[in-house]
Amino acid sequence: MPPNAAPKPVQVAIIGAGASGLMTAISIAQALESTGQNPKSTNILLLDGSKKIGIKILVAGGGRCNVTHHQVDEHQYATTKPAIVRSTLKRFSASDTINFFANLGVDLKQEPTGKMFPTTDDAHTVLHALLNEAARLGIKILNPWRVESITQTNPGFTIDSPDHHPIHADCIVLATGGKALPKSGSDGQGYKIAKSLGHSITKDILPALVPLIVADSSRWITELSGIACPATLSVVASTGKHIKSFTNDTLITHFGLSGPAPMDISRYLTTAKLTDRKAHLQINWFPDHTFEQADQFLTNLGKAQVSTHLRTHIPERLAAALCQQANIDPTTPGHALPRESRRALAHLLTATTIHIQADRGFTHAEVTAGGVPLEEINRKDFQSRTCPGLYLVGEILDVDGRIGGYNFQWAWSTGHIAGTAIAKSLLNDASNR
Ligand SMILES: Cc1cc2nc3c(=O)[nH]c(=O)nc-3n(C[C@H](O)[C@H](O)[C@H](O)COP(=O)(O)OP(=O)(O)OC[C@H]3O[C@@H](n4cnc5c(N)ncnc54)[C@H](O)[C@@H]3O)c2cc1C
């Protein structure tokens, strides 16, 4: 324990100074300021275990930070409570995010995919704007200050850390993220804290938006490392039912599959395999074609060589590998293809089965699937239903979005809703005193 004096109690302690924690803190202070109060007269404290604040914001979007998406709705998220996600995203929408950042001096631009980035193409712009605004509003940030446990003291809470004096807070916001990229400080401790305060955690906590490692039986595909092309990836149950599909760029790597489509599909594959060991991944390399259309396409080749025509649709090395898998010489003219070979190739073009051994785990995941169930949270203010005075925001909740800025949007939306609600209750308390 350090020799310095015990810190003063605070009104609000936010655990985690990532996207959702910073947004919560700023939203409380901005809401107080908008009523004419000096936000510096309220004690808002952000505690973060990491030596460096905002690591995830800085690494996001390849260092450019994909702040949000032009069009955000509940369909872009995996959730058991789409109605709650929908209302949350309506109450603080992508346009609200754009305005919020514009007010901090950060203009966002939209890319053709709909993803929104700062016009500077530099994630530092986003982090600096948030930290400058927090400083302007008098929000205190202590780091590294890792929270080990929180105890309800009625009134309020005591926050404990092995390295620091305990801190008393009237209210707590858990913004500790999930388990993705643990070196950023989000290592799952938040789940233990939430549990100790009466919450449950979903049975499975899994890496999502994560690259996939192929099994030995599909190792041939890694020979194509470096190829990137659009494809439709589907999770197919052992019954043959297509559970989920994504069409987007697909990158073949030395270990397996990465890029937007494989990462988007990863959590659906992992989840399906929990209950259906034979669930597998299927790739359609001709995203706009069915098997019948691909078969017709090959039938119509006539004298043209198979490879010449495949090359106009898919990368040459991929075309050669698929021919090899179908035991076809790629120089064969279309009309000389035996029916069975032609159908085997059409099948590979539209439904290559790839066996996945594992995903690359939390170290390489962008987000976490699972967390604190939304039904345990009051949707109006993101306050816990089991522990009054405790709020939960961001990735710690059981919601995960696709690639494209959706996960930050969830962090901004939940942080803003909780923050404005906390400000309101602080104002009510003050007027009742
Ligand atoms: C490589 C990568 C790229 C990404 N790119 C994008 C993107 O471009 N667009 C997008 O929308 N999403 C992206 N994401 C996802 C996005 O970063 C997260 O969903 C989002 O940051 C979650 O915000 P959060 O505040 O809930 O949690 P986090 O950002 O994880 O923040 C949690 C904070 O809590 C702190 N903390 C945790 N436990 C404790 C404790 N016990 N005591 C004290 N502090 C603690 C951590 O140090 C951390 O600072 C990316 C993620 C990764 C890993």
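Because the structure is predicted, anything quoted here is derived from the model rather than measured. (Residues numbered from 1 in each chain as written. Predicted model: local features only at pLDDT ≥ 70, side-chain atom pairs only at ≥ 80, totals over all residues. Heavy atoms only, no water.)

Section: empty space enclosed by the protein
Short version of the rule: A 1.4 Å probe that fits but cannot get out identifies a cavity on a 1 Å grid over protein atoms alone, an open set with protein on both sides within 12 Å along at least five of seven lines counts as a pocket, and a residue lines either if it has an atom within 4 Å of a point. Grid points are joined across faces, edges and corners, and a volume is the space filled by probe spheres set on the points. Per the convention used, a helix needs a DSSP run of H or I reaching at least four residues, while a strand needs a run of E reaching at least two, with both numbered from the N terminus. Here the term charged refers only to Asp, Glu, Lys and Arg, the term nonpolar to Ala, Val, Leu, Ile, Met, Phe, Trp, Tyr, Cys and Pro, and the term polar to all other amino acids, Gly among them. An automatic or database domain assignment provides the domain bounds reported here.
Applying the stated criterion to the full structure yields one cavity of 30 Å³ or more. In this structure, the largest cavity spans a volume of roughly 50 Å³. Lining the largest cavity, in full, are Gln76, Tyr77, Ala78, Leu209, Asp264, Arg267, Tyr268, Asp400, Gly401 and Arg402. For the lining of the largest cavity, the secondary-structure elements that each account for two or more residues are strand S4 (77-78), helix H7 (260-275) and strand S23 (400-401). For the lining of the largest cavity, the element with the highest residue contribution is H7, accounting for three residues. In terms of residue class, the lining of the largest cavity is built from four nonpolar, two polar and four charged. Here the lining of the largest cavity spans two domains, since at least three of its residues come from each of domain 1 (10-206 + 369-432) and domain 2 (212-359).

With respect to the nonpolar core
Proteins that are soluble and globular tend to have nonpolar side chains buried together. Defined as follows: Here the nonpolar core consists of buried residues drawn from Ala, Val, Leu, Ile, Met, Phe, Trp, Tyr and Cys, with membership extended through side-chain atoms lying within 4.5 Å. We call a residue buried when its accessible area falls under 20% of the maximum for its residue type, exposed when it is over 50%, and partly exposed in between, using a 1.4 Å probe and counting protein chains only. Whether two residues touch is decided by their heavy atoms; if any such pair falls within 4.5 Å, the residues are in contact.
Counting 87 residues, the largest nonpolar core has Leu130, Ile150 and Ile159 as its most contacted members. When residues of this core are assigned to their parent elements, the largest contribution, ten residues, is made by helix H12 (residues 406-432). In contact with Ile159, other than residues within four places in its own chain, are Ala13, Ile15, Leu47, Trp145, Val147, Ser149, Ile150, Pro166, Ile167, Ala169 and Ile172. Listed in part, the 45 residues of the second largest apolar core include Ile227, Phe297, Ala321 and Leu349.

Describing the domain arrangement of the protein chain
Applied cut-off: In short, buried area is how much 1.4 Å probe accessible area vanishes from two parts on joining, totalled over both. Should a side-chain nitrogen of Lys or Arg be within 4 Å of a carboxyl oxygen of Asp or Glu, the pair is scored as a salt bridge. In the analysis that follows, any N or O atom pair within 3.5 Å is treated as a polar contact, provided that within protein one partner can donate a hydrogen and the other can accept it, and provided that, for residues neighboring in sequence, both atoms belong to side chains.
Each domain of the protein chain was delimited in the assignment, giving domain 1 (10-206 + 369-432) and domain 2 (212-359). Computed over C-alpha atoms only, the centres of domain 1 and domain 2 are separated by 40 Å. Counting from both sides, the interface comprises seven residues of domain 1 and, opposite them, ten residues of domain 2. Approximately 710 Å² of surface area, both sides summed, lies buried where domain 1 meets domain 2, with 59% of it carried by carbon and sulfur atoms. Of all residues in domain 1, Leu206, Arg402 and Ile403 give up the largest surface area on contact with domain 2, accounting jointly for 63% of the area buried on that side. Between the two partners, domain 1 and domain 2, sit two salt bridges. Our count for the domain 1 to domain 2 interface comes out at three residue pairs in polar contact (both at pLDDT 80 or more).

What to know about the site of the ligand
The condition that has to hold: Residues are counted as near a molecule or strand when any one of their heavy atoms sits within 4 Å of it.
With respect to spatial proximity, 34 residues lie near the ligand, and among them Ser20, Asp48, Ser186, Glu395 and Phe408 are the closest. For the ligand, an oxygen atom lies 2.6 Å from a polar atom in the side chain of Asp48. Backbone polar atom of Ser184 to an oxygen atom of the ligand: 3.3 Å apart, as the coordinates give it. Within the residue set of the shell around the ligand, elements represented by two or more residues are helix H1 (19-34), helix H2 (55-63) and H12. Residues of the shell around the ligand, tallied by class, amount to 13 nonpolar, 16 polar and five charged.

Focus on the packing of aromatic side chains
How we decide: In this scheme Phe, Tyr and Trp rings, the latter by its six-membered ring, pair at centre separations within 6.5 Å, and the angle between planes marks the pair as stacked below 30 degrees, edge-to-face above 60, and tilted otherwise.
Considering all chains together, one arrives at eight aromatic pairs under this definition. Summarising the aromatic geometry, the rings of Phe286 and Phe297 are spaced 5.6 Å apart at their centres and angled 75° between planes, so their arrangement reads as edge-to-face. Of this pair, Phe286 sits in the loop between strand S16 (280-284) and helix H8 (291-299) while Phe297 sits in helix H8; the two residues are eleven residues apart in sequence, bridging distant segments of the chain. For the pair Phe286 and Phe297, a shared accessibility class is recorded, and that class is buried. Measuring from centroid to centroid gives 6.1 Å for Phe382 and Trp410, while their planes differ by 80°, and the two rings are edge-to-face. Taken as a pair, Phe382 in the loop between strand S20 (377-378) and strand S21 (383-384) and Trp410 in helix H12 lie far apart in primary sequence, 28 residues in all.

What to know about the sheet that holds strand S18 (residues 356-359)
Sheets are built from strands paired through backbone hydrogen bonds, the pairs being either parallel or antiparallel. To keep it simple, the criterion reads: Only strands joined by at least two bridges in the DSSP assignment are considered to pair. Axis lines are fitted to C-alpha atoms, over the contacting stretch for helices. Their N-to-C directions set the angle, which ranges from 0 to 180 degrees.
Spatial strand order, S17-S16-S13-S14-S15-S12-S18: seven strands in an open sheet with antiparallel pairing. The open sheet has two edge strands, strand S17 (352-354) and S18, and neither has a second partner. Adjacent strand axes in the sheet meet at a mean angle of 40°, parallel and antiparallel pairs treated alike. Across two bridges, the pairing between strand S12 (residues 212-214) and strand S15 (residues 256-258) is antiparallel. Looking at the pairing, Leu212 lines up with Leu257 of S15. Here H7 sits on the sheet in contact with S12, strand S13 (228-236), strand S14 (242-252), S15, S16 and S18, set at roughly 140° to S14.

Section: helix H4 (residues 94-103)
Operational definition: Starting at the helix axis, one direction is taken to each C-beta atom, and the arc is that of these directions.
Among all positions of H4, only Ala94, Thr97, Phe100 and Phe101 are buried. Taken end-on, H4 shows its buried residues confined to a sector of 115°, consistent with a single buried face. Of the surrounding secondary structure, the elements contacted by the buried residues of H4 are H1, strand S3 (68-69), helix H5 (123-136) and H12. Within two residues after H4, Gly105 carries a phi angle of roughly 90°, on the positive side.

Here's the deal with the sheet that holds strand S6 (residues 115-118)
Taken in spatial order, the three strands line up as S3-S6-S5 in an open sheet, and their pairing is antiparallel. Each end of this open sheet is capped by a strand with a single partner; those strands are S3 and strand S5 (108-110). Across two bridges, S3 lies against S6 in antiparallel orientation. Counted as the bridge partner of Thr68 is Met116 from S6.

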